[in-house]
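A look at the structure
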Amino acid sequence: MSTISLNVRRFIIALLFIILLVSHPAYLPFSESAAAADSPIRITGYYPGRDELVGDEFRVAASVDSTYEVKQLSAEVETVRVDLTQPDYPFCTRIRCYDWTGQLRIAGLSKGKKTVTLTAIDSRGNRDTKSFQVIYDEKPVIHIASPLNKAVATPKLRIQASCTDDDVAIGCTSLTVKIGGLEKTINGVDRIDEEVSFASLDGRTIRLDFWAKDSRGQETLKQRDISIDSSDKLSRMDTVDGIAILDISPDRILYAKPDKDKPFTDYVQLEIKNRLTGQVTPIPTLRDKAPNNNSPGYLTPQGAIFIANDVENHHNNVVEWRDGQLLVLGKPDSIGSLKVKGDYALFTNALGDYVVDGYTLVLRNLVSGTNQEVIPKGRFAGIDVTANGEVVFSATMNQGTHNIYKWAQGTLTQITNDTVNSNINPLTDGSSIVYARRIDPNPMKQAESIIVQGPAGSQTLSTFDKSTMEGTDYQINQGWVAFTKEEGSKRIRQTWVQAPDGTKRQVSDLGSDSSIVTLTSRGDVVFKNSQKFIKDNLYLSENPAAGRGDYMYISSGLLKPLWLQGKWIGAINGTLFAVRTGTADSTPPTWPKASRLNASDVTSSSVRLSWNAAEDDKAVTGLQAV
């Protein structure tokens, strides 16, 4: 009994001690005295906390309790002062929210501990002041020389980085590169320079994390995304300072780069690089409209045409840049409702309340800059245009089903007249049309056939128990048609080609579904195949004059191939490659015997060099003087 009484007494004493301790002014936040607690104005909380690390510019925030209107709340460090304001929404941390906030820039002051003084004044001149200390110390700075963001490893890539810190006496204490996918880490103190092979990650895009730490334990992170392609058939041609090449012509490259004016978004800025001179021309952006990283873009005779989003509501817009000006041409129903070939662009344009009123179909001459209305009103399910301005489209046109129509020089021709099945997503080369026919009205099944309509009539190329996709399941070019067809008991989609004379040939026989990537005017077809869901591979089935041979592997699925001026090229991110489709060239060029390098006309700033021509079993494509 006496033991219990003793324990109870000890508990009561401890509890009283805690109550006295907690209620002491020294342990109440910002309550130095009872007088302060009764003050008509009090600063009740602030940010950052005591002894937190801050840089050249940092946010200061505070909360104030006041009987009267608060007229001013300022923050001051030595000679630097800023008035805090009340934004529409409070600034919140994980602990609490603050009604007043501002940015305090102390660049130029000496580093180390600094006293921040907050002063609040109400409408009657009452004031409250709070002071706390922060530690002024900049985070370490990482300088990455290589790689650039979105660089391509083929498959090796040099990693070069260095680190600097404002504490010059000690500098950085560590610099580390963590390589995603390889579970590899490169460690250094203030410098890293190492060549790394990424061959095991062929066909993938990974992230490199650069971490730096300084003497106060502050860390900085910089990241680079790189893509890997190990194909020996790719050789670098050109590089742009961007994340994606959108279109290529013999003399220009249209590409996208992150929009610095809209950070932390997927909006991009477009630029055009002259392939002959290297000159880069930025395309200006509109204040309320910008392309994003999914927006298509095309080079035009006068500049470029592309899809841009309304920043506020994300509606699509067709925008043309010509003669130094941006022109908003219309509002298509999707990014796929802008088609560009040759000197023409075709797009749908919303009419008023497009849910009720639908869309009009507009053909634009990209040379003259004039528009022509193809159809004043309709609901479209696929459009296409030829290089000379002929149009095909799928529309309801007051029928319950979609049908295919052709428009040329003001004349409209109905191609299908189907009252049972919808005919959608047409593509044309001017003489023939290939499209999909929805053969099962059940929207859950969406069974479709691929149909080609030519001068000799229509024929069914293949039938599926699920939907097809224009471009990946069928393409048409100068009488050639590439299409997919299910083969074998497993109904694997294989790629086929039909020649202008109607003969068909299967060009893929891989053990998983293939899809079409590119069809050339001479019947070459590039198709994509995914092996075990690890990576996509690209294969080329050529149709040379001697007859079609077997398909060949050309690269990973990261490549966007293009047949341009009789040659295969392709882009991965911001890098342009030449694609070699013949056998590997393993014999280097040689110099003839008795070859000499002769120097003449030597001056202090120049020299004229001459030499004998080099020899090669295929061709000498370039020379390098070092």
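To be clear, the structure that these remarks concern was listed above.
Summary of the structure given here. (Residues numbered from 1 in each chain as written. Predicted model: local features only at pLDDT ≥ 70, side-chain atom pairs only at ≥ 80, totals over all residues. Heavy atoms only, no water.)

**What about the sheet that holds strand β43 (residues 492-498)?**
Selection rule: A pair of strands is treated as paired once DSSP finds two or more bridges between them. What counts as a helix is a DSSP run of H or I of at least four residues, what counts as a strand is a run of E of at least two, and both are numbered from the N terminus. For helices, the fitted axis covers only the stretch in contact; all axes are lines through C-alpha atoms, and the angles between them, taken along N-to-C directions, range from 0 to 180 degrees.
Read from one edge to the other, the open sheet built from four strands follows the order β41-β42-β43-β44, with strand pairing classed as antiparallel. What marks the edges here is a single partner per strand, and that holds for β41 (474-477) and β44 (504-506). Averaged over all pairs of adjacent strands, the angle between their axes in this sheet comes to 30 degrees, without regard to strand direction. Sheet analysis places β43 next to β44, joined by three bridges and oriented antiparallel. Of the residues in β44, the one forming a bridge with Q498 is K504.

**Points about the nonpolar core**
It is characteristic of soluble globular proteins that their nonpolar side chains tend to be buried jointly. Short version of the rule: Here, nonpolar core means buried Ala, Val, Leu, Ile, Met, Phe, Trp, Tyr and Cys residues that are tied together by side-chain atoms lying within 4.5 Å of each other. Burial status follows relative accessibility: with a 1.4 Å probe on protein chains alone, a residue under 20% of its type maximum counts as buried, one over 50% as exposed, and anything between as partly exposed. Contact between two residues is taken to exist if any of their heavy atoms lie within 4.5 Å; hydrogens are not considered.
Membership of the largest hydrophobic core comes to 25 residues, with the highest contact counts inside it found for V64, L73, L84, L104, I106 and L118. Only β1 (41-47), β3 (57-66), β4 (70-77), β5 (80-83), β8 (100-105), β9 (112-122) and β10 (127-136) provide two or more residues apiece to this core. Here V64 is in contact with I41, R42, I43, T44, V70, L73, W100 and A120, once residues within four sequence places are set aside. Within the second largest apolar cluster, 23 residues are counted, among which are I142, A151, L157 and V196.

**What to know about the side chain of N537**
Its place among the elements puts N537 in strand β47 (residues 535-541). A relative accessible area of 7% means that N537 is categorised as buried.

**Looking at the sheet that holds strand β50 (residues 567-572)**
Ordered by their spatial adjacency, four strands build an open sheet running β19-β51-β50-β49, and the pairing between neighbours is antiparallel. Edge positions in the open sheet fall to β19 (234-239) and β49 (560-564), since each of these has one partner strand only. Adjacent strand axes in the sheet meet at a mean angle of 30 degrees when their direction is disregarded.

**Quick word on a nonpolar patch on the surface**
To be explicit about the condition: For patch building, the residue pool is restricted to those with more than 30% relative accessible area and no salt bridge; the joining distance is 9 Å between like charges and 5 Å between nonpolar side chains (Val, Leu, Ile, Met, Phe, Trp, Tyr). Accessibility throughout is a Shrake-Rupley quantity obtained with a 1.4 Å probe, and a residue counts as covered only by protein chains that appear here. The term salt bridge refers to a pairing of a side-chain nitrogen on Lys or Arg with a carboxyl oxygen on Asp or Glu at a separation within 4 Å.
Residues W591, L597, V602, V607, L609 and W611 make up a contiguous nonpolar surface patch of about 640 Å² in total accessible area. Here W591 shows up in the loop between β51 (575-579) and β52 (597-600).

**A look at the state of the cysteines**
A covalent bond bridging the sulfur atoms of two cysteines is what the word disulfide describes. Note the threshold: In what follows, a disulfide is any cysteine sulfur pair within 2.5 Å.
All told, the structure shown has two disulfides when counted by the stated rule. At a sulfur-sulfur separation of 1.9 Å, the disulfide partner of C92 is C97. Looking down the S-S bond of the C92 and C97 bridge, the torsion is 105 degrees, so its handedness is right-handed. A relative accessible area of 39% means that C92 is categorised as partly exposed. By relative accessible area, C97 is classed as partly exposed at 37%. What pairs with C163 in a disulfide is C172, and their sulfur atoms sit 1.8 Å apart. Between C163 and C172, the disulfide has an S-S torsion of -75 degrees and is therefore left-handed.

Purely geometric numbers; function is a separate question.
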